[in-house]
Amino acid sequence: MTKENNKDPYTEIIEVTPAKCSTWMEKRTCNRVPLKRSNVDKFKNILRNGLYRTTHQGFALDWHGCLIDGQHRAAAIIETGATVTAQVTYNLSPESFAAIDGGRVRSAGDFVAQITEMRQSNANVYAAALKILANRAAGLHWTRWTNGKLTAEQLQEMVPTWPVDEKHIVRLVSKGKQCHASATGLIVAHKLITEVWPEHIADLFFDGIGEDSREFVGRDPRAMYTNTMINVNRGVVSRDSVQQSSQAIKAFNALVSGESIGTLKKMKASGVKIVTDRRTGKEIQQEYLADRYPEVIQPAINISEKWLGSGSMEPNG
């Protein structure tokens, strides 16, 4: 860890007042973890019942003066008007935030919000997409892409590896609501497609789904994707991110190649089915493998004019 100031961290025991807590909370911009109401209420009850005690747990500020630990205590002090004696640690590195309560309170979305300064809701979507992308990059089968928990340190490496602008997340969240599709799945599909195609080509698909698909007729893949998601998910935004990312890739492949698609089926996981043995007539169990996750079609073709019109649509144009 690189030290960026000349002062060492230090701790003192002081009176912590509502006014001091208000000042700290105003400088909480580096700590974008949302307050958990139940935690604030817990501390309020402790304060009102006179049960608060000075312990090793208190408040921590980084060298910018940002409150990186103790926000729930501070909120409770402000709301009750109580003054307490507590330990306060100053001049910590901002990186210390990642180590505080990392396995207990803060989620991957919380850490992404702190790293990127995104709104919490957008950071949650982005963090879910990062998990899928990381598991894919690790060579895991698609049925395991949502497994595991990411640490703050891992996320600090992943955000530069798979950067996504917040405006783009907001756009895909909106598209997902219009389609009743997972915004996380759309982000994953967009990242995988743009590994192969330029972003402006990928956006020929993503710009045309949702409400904008109404301008397309027939079996245009953008309209088919939108209608399939709406019909399958029955009016509720689905969280089936991996499946819907695969369906978006299938629709994109059809769009650029000019193929027709009738439905967008989900990938099947491995399992066992009952079949009849032709020789004996008896029912037997037969294992089958999971479907493969679709590959993005390579840009070794001229983009079809079937869906996109007669403009110049070369892959790298």
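Parameters at a glance
- Residues numbered from 1 in each chain as written.
- Predicted model: local features only at pLDDT ≥ 70, side-chain atom pairs only at ≥ 80, totals over all residues.
- Heavy atoms only, no water.
- Helix = DSSP H or I, 4+ residues; strand = E, 2+ residues; numbered from the N terminus.
- Buried < 20%, exposed > 50% of the residue type's maximum accessible area, 1.4 Å probe, protein only.
- Contact = heavy atoms within 4.5 Å.
- Areas by Shrake-Rupley, 256 points an atom, 1.4 Å probe, with all protein chains shown as cover.
- Salt bridge = Lys/Arg side-chain N within 4 Å of Asp/Glu carboxyl O.
- Pairing = 2+ DSSP bridges.
- Axes fitted to C-alpha atoms, helices over the stretch in contact; angles between N-to-C directions.
- Polar contact = N/O pair within 3.5 Å; in protein donor to acceptor, adjacent residues only side chain to side chain.
- Core = buried A, V, L, I, M, F, W, Y, C linked by side-chain atoms within 4.5 Å.
- Phe/Tyr/Trp six-rings, centres within 6.5 Å; stacked < 30°, edge-to-face > 60°.
- Lys NZ or Arg CZ within 6 Å of the ring centre and 35° of its normal.

Draft legend 1. Region of the structure containing the overall build of the protein. Regarding its fold elements, the protein presents 12 helices and six strands. Within the protein, the proportion of its 317 residues that are buried is 47%. Taking all contacts inside the protein whose residues are at least 6 apart in sequence as the whole, residues at least 24 apart take part in 71%. Approximately 17200 Å² of the protein is accessible, and the part contributed by carbon and sulfur atoms is 47%.

Draft legend 2. Molecular detail of the pattern of salt bridges. Overall, the coordinates contain nine salt bridges when judged by the stated rule. Here E79 makes a salt bridge to R37, at a shortest N to O gap of 2.7 Å. Separated by 42 residues along the polypeptide, E79 in helix α3 (residues 71-80) and R37 in helix α2 (residues 37-48) bring together distant segments of the chain. Assessed through its relative accessible area of 43%, R37 is described here as partly exposed. Across the salt bridge formed by K44 and E79, the nearest N and O atoms sit 2.9 Å from each other.

Draft legend 3. The arrangement of the side chain of Q247 in detail. Inspection of the secondary structure puts Q247 in helix α11 (residues 241-257). Its relative accessible area of 3% is what places Q247 among the buried residues.

Draft legend 4. The sheet that holds strand β4 (residues 84-92), seen in detail. Across the sheet, four strands lie side by side as β1-β4-β2-β3; this open sheet has mixed pairing. Looking at the sheet topology across the chains shown, the edges are occupied by β1 (10-16) and β3 (67-69). Neighbouring strand axes in the sheet, compared pairwise and without regard to direction, differ in orientation by 35° on average. Strand direction decides the pairing type here: strand β2 (residues 59-62) and β3, joined by two bridges, are antiparallel. From the neighbouring strand, A60 faces β3, where its bridge partner is D69. Across the face of the sheet, helix α1 (residues 18-26) comes into contact with β1, β2, β3 and β4 while running at roughly 130° to β1.

Draft legend 5. Structural context of the pairing of β4. Most of β4 is tucked away, with seven of its nine residues classed as buried. Alignment of β1 against β4, held across seven bridges, turns out to be antiparallel. Of the residues in β4, the one forming a bridge with I14 is A86. As judged from the three bridges shared by β2 and β4, these two strands associate in the parallel manner.

Draft legend 6. Focus on the environment of D207. Mapping D207 onto the fold places it in the loop between α9 (199-206) and α10 (221-233). With relative accessibility at 38%, the residue D207 sits in the partly exposed group. C-alpha of D207 to C-alpha of R222: the two residues are 15 residues apart in sequence and 8.9 Å apart in space. Polar contacts involving the side chain of D207 include one to the side chain of R171, which spans 2.4 Å.

Draft legend 7. Summary view of the nonpolar core. Ranked by internal contacts, the top residues of the largest apolar core, which has 59 residues, are L130, F205, Y225 and Y293. Not counting residues within four places of it along the chain, the set of residues in contact with L130 comprises V112, L150, L155, M158, V159 and W162. Residues V16, W24, V84 and A86 belong to the second largest nonpolar core, which totals 21 residues.

Draft legend 8. Main features of unusual backbone geometry. The backbone phi angle of N91 is positive, close to 70°, even though this residue is not glycine. Topologically, N91 is positioned in strand β4. A relative accessible area of 10% places N91 in the buried class. Non-glycine residue H180 carries a positive phi angle of around 60°. Positionally, H180 belongs in the loop between α7 (166-179) and α8 (183-193).

Draft legend 9. Structural context of the packing of aromatic side chains. Counted by the stated rule, this structure contains six aromatic pairs. Where F205 meets F206, the ring centres are 5.1 Å apart and the plane angle is 80°; that geometry is what we call edge-to-face. Note on F205: relative accessible area 0%, which makes it buried. For F206, a relative accessible area of 0% gives the class buried. One aromatic cluster in this structure is built from F205, F206 and Y225. The ring of F43 is capped by K42, whose NZ or CZ atom sits 4.8 Å from the centre of that ring. A cation over an aromatic ring shows up here: R222 above the ring of F216, its NZ or CZ 3.8 Å from the ring centre.

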